[in-house]
Amino acid sequence: MIYLDNAATTRTAPGVVEAMLPYFSEHYGNAGSIYGLGSKSKSALNKARETIAGTLGAQANEIYFTAGGTESDNWALKAVYESCCSKGRHIITSKVEHHAVLHTCEYLEERGAQITYLDVTQDGLISLEQLKKAIRPDTILISIMYANNEIGTIEPIEEIGEVAREHGILFHTDGVQAYGHLPIAVDKLHIDLFSASGHKFNGPKGVGFLYVNRKTTLCSFIHGGQQERGRRAGTENVPGIVGIAAAAKQAALRMEERAATERRMRDYLIARIKERIPGAQLTGHKSMRLPGHASFCFEGIEGESALIMLDMQGICASGGSACTTGNPGPSHVLQAAGIPEKLARGALRFSLSEENTLEELDVVVEELSGIVEKLRGI
Ligand code: PLP
């Protein structure tokens, strides 16, 4: 098997599984219990919170564990709206956000929020000028993703943060594709809320976190017990939290080295596809893109058919976003980037990890070239 779908999910690293295992059947105490077994779990939680905070230049009490990126995004948007709607009801986001943000925005619109969806360029970048123009006296939140899951484009986060700070508006970024892959310092980037998910950087699935700047008051998302300082109730997923922290630590230790390897392979794959397959169009930004991310539109084919044929050759890739698989319409991201529907139907995404090899990529290019030719002939 050749796995090129790391933007959908990653393999849980062996060291991460090892770190998690004792917390299933050995140190299984409830972190809320006062006896020794419980306090072992409690101290693992505290340590995990410190580790994650350290990777962002944040404080431990600014990290809240959640069940993943979708929950973190939902919490950030809904809670800011609920906490601030007496001051204003206007939120600015972009047309290329993940559905965890876009569908939450639609939900808030039904409850009186007014949302501005910023356009993007063909490369997938928002315009800072358009952002500034969209700001109103009643704007309470700017939510722009750090890096796009379908086309890999990295948004100008520091500049967006500066605009938000200058206007006294809260800034949330969906960092699910970026965290663990790019260096992130929340203070320097003026980020007030940051969402991340464990399974995108070799951690376990079903666990994530929301960073909330200590000066930001945010209402609870899940009501119940006093877990997560009363803001996110429910018995803590201790093995998952230990796992996400172990993955974050590993990612931070080897980030530069890993990103350099992935970038080299990504650029090789992009160049080989362009030279071997006529009519292959790279989507997303040429340089401001995630290290392991290569996405294309192939003229004259259906991406889904190509994916099935790639799978028959043992190659795992994606049509754009794993979350929209089965959705017959063209991708909202490609549409926003102005890619004609016919071309957008031939979208494929290859997201690499440092475990891939150049030899694997050669195999993928050869197979893909044959598949595209065959499909174009039908
Ligand atoms: N945001 C982005 C940009 C994503 O790519 C994803 C997952 O693909 C999510 C949010 C949702 O994360 P999770 O799968 O942890 O709910």
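To be clear, the structure that these remarks concern was listed above.
Computed from a prediction, not measured in an experiment: that's the story for all the values here.

About the criteria used
Starting afresh in each chain, residues are numbered from 1 along the sequence in its written order. With the structure being a predicted model, the display of local features is reserved for residues of pLDDT at least 70 and the display and counting of side-chain atom pairs for 80 or more, all residues being used for whole-chain, interface and lining totals. Computation of side-chain values: all heavy atoms of the structure, hydrogens and water removed. In this text, helices come from DSSP runs of H or I with a minimum length of four residues, and strands from runs of E with a minimum of two, each type numbered from the N-terminal end. Each residue after the first adds 1.5 Å to the expected span of a helix. Should any heavy atoms of two residues lie within 4.5 Å, those residues are counted as being in contact. Helix axes are fitted to C-alpha atoms over the stretch in contact, other axes to C-alpha atoms as well, and angles between N-to-C directions run from 0 to 180 degrees. Each angle gets one of four labels, with under 35 degrees taken as roughly parallel, over 145 as roughly antiparallel, 65 to 115 as roughly perpendicular, and the rest as oblique. For a crossing to be left-handed, the near helix must be turned anticlockwise from the far one by less than a right angle; the clockwise case is right-handed. Residues were grouped as follows: Ala, Val, Leu, Ile, Met, Phe, Trp, Tyr, Cys and Pro as nonpolar; Asp, Glu, Lys and Arg as charged; and all remaining residues, including Gly, as polar. The near set for a molecule or strand comprises every residue that places at least one heavy atom within 4 Å of it. Polar contact is the term for a pair of N or O atoms within 3.5 Å; when the atoms are in protein, one must be able to donate a hydrogen and the other to accept it, and sequence-neighboring residues count only if both atoms are side-chain atoms. The rule is simple: take the accessible area with a 1.4 Å probe, protein chains only, and divide by the maximum for that residue type; under 20% is buried, over 50% is exposed, in between is partly exposed. Should DSSP find at least two bridges between two strands, the strands are taken to pair.

Trainee: Outline helix α9 (residues 255-276), listing residues and values.
Mentor: Helix length check: α9, at 22 residues, gives a terminal C-alpha distance of 31 Å against a target of 32 Å (1.5 Å per residue), a fit within 8%. On its buried side, α9 packs onto α8 (238-253), β9 (280-282), β10 (293-298), β12 (347-351) and α13 (358-377).

Trainee: Please set out the environment of lysine 286 residue by residue, giving values where relevant.
Mentor: Locating lysine 286 in the fold gives a position in the loop between β9 and β10. Here the alpha-carbon distance between lysine 286 and threonine 153, two residues 133 residues apart in the chain, equals 8.4 Å.

Trainee: Describe the packing of helix α4 (residues 69-84) against helix α5 (residues 99-109), with residues and values.
Mentor: Each pair of packed helices can be summarised by the angle the axes make with each other and by the distance between the axes. In contact at an axis separation of 9 Å, α4 and α5 are set at 30° when each is read in the N-to-C sense. Judged by the inter-axis angle, α4 sits roughly parallel to α5. When you trace α4 past α5, the crossing you get is right-handed. In contact with Thr70, Asp73, Asn74, Leu77, Lys78 and Tyr81 of α4, α5 contributes Ala100, Val101, Thr104, Cys105, Tyr107 and Leu108. Of the residues that constitute the contact of α4 with α5, the class distribution is seven nonpolar, three polar and two charged.

Trainee: Could you give an account of the packing of α9 against α13, with specific residues and numbers?
Mentor: Direction vectors running N to C along α9 and α13 enclose 25°, while the axes themselves pass 10 Å from each other. Looking at the two axes, α9 sits roughly parallel to α13. Between α9 and α13 lies a crossing whose hand is right-handed. Side by side, α9 and α13 meet where Met265, Tyr268, Leu269, Arg272, Ile273 and Arg276 of the first sit next to Leu358, Leu361, Asp362, Val365, Glu366, Leu368 and Ser369 of the second. Its residues placed into classes, the contact of α9 with α13 shows eight nonpolar, one polar and four charged.

Trainee: Describe the site of the ligand, and please don't skip the residues or the numbers.
Mentor: Looking at the ligand, there are 14 residues lining it, with Thr70, Asp174, Gln177, Ser197 and Lys200 nearest. Between the ligand and the protein, one listed contact pairs an oxygen atom with a side-chain N or O atom of threonine 70 at 2.6 Å. Within the side chain of histidine 199, an N or O atom sits 3.0 Å from an oxygen atom of the ligand. With three residues, the top contributor of residues to the shell around the ligand is α4. Of the residues that constitute the shell around the ligand, the class distribution is three nonpolar, eight polar and three charged.

Trainee: So what's going on with unusual backbone geometry? Which residues, and what values?
Mentor: At histidine 190, a position not held by glycine, the phi torsion is positive, near 55°. Its location among the elements puts histidine 190 in the loop between β6 (170-174) and β7 (193-197). At asparagine 202, a position not held by glycine, the phi torsion is positive, near 70°. Summarising the element assignment, asparagine 202 is placed in the loop between β7 and β8 (208-212).

Trainee: Describe α8, with residues and values.
Mentor: With 16 residues, α8 should cover 22 Å at 1.5 Å per step; its first-to-last C-alpha distance of 23 Å lies within 8% of that length. Taking burial as the measure, the 16 residues of α8 include 12 buried ones, the bulk of the element. One side-chain oxygen at the N-terminal end of α8 lies 2.9 Å from the backbone nitrogen of glycine 240; it belongs to asparagine 237.

Trainee: Requested: an account of the sheet that holds strand β2 (residues 63-66), with residues and values cited.
Mentor: Taken in spatial order, the seven strands of this open sheet run β2-β8-β7-β6-β5-β3-β4, and their pairing is mixed. Both outer strands of the open sheet, β2 and β4 (114-118), are each paired with one neighbouring strand and no more. In this sheet, neighbouring strand axes are inclined to one another by 20° on average, regardless of whether the strands run parallel or antiparallel. One ladder, built from three bridges, connects strand β3 (residues 90-94) with strand β5 (residues 139-143); its direction is parallel. Across the sheet, isoleucine 91 pairs through a bridge with leucine 141, a residue of β5. Along the sheet, α5 makes contact with β3, β4, β5 and β6, crossing β4 at roughly 150°. Lying on the sheet, helix α7 (residues 157-166) is in contact with β5 and β6; it crosses β6 at an angle near 155°.

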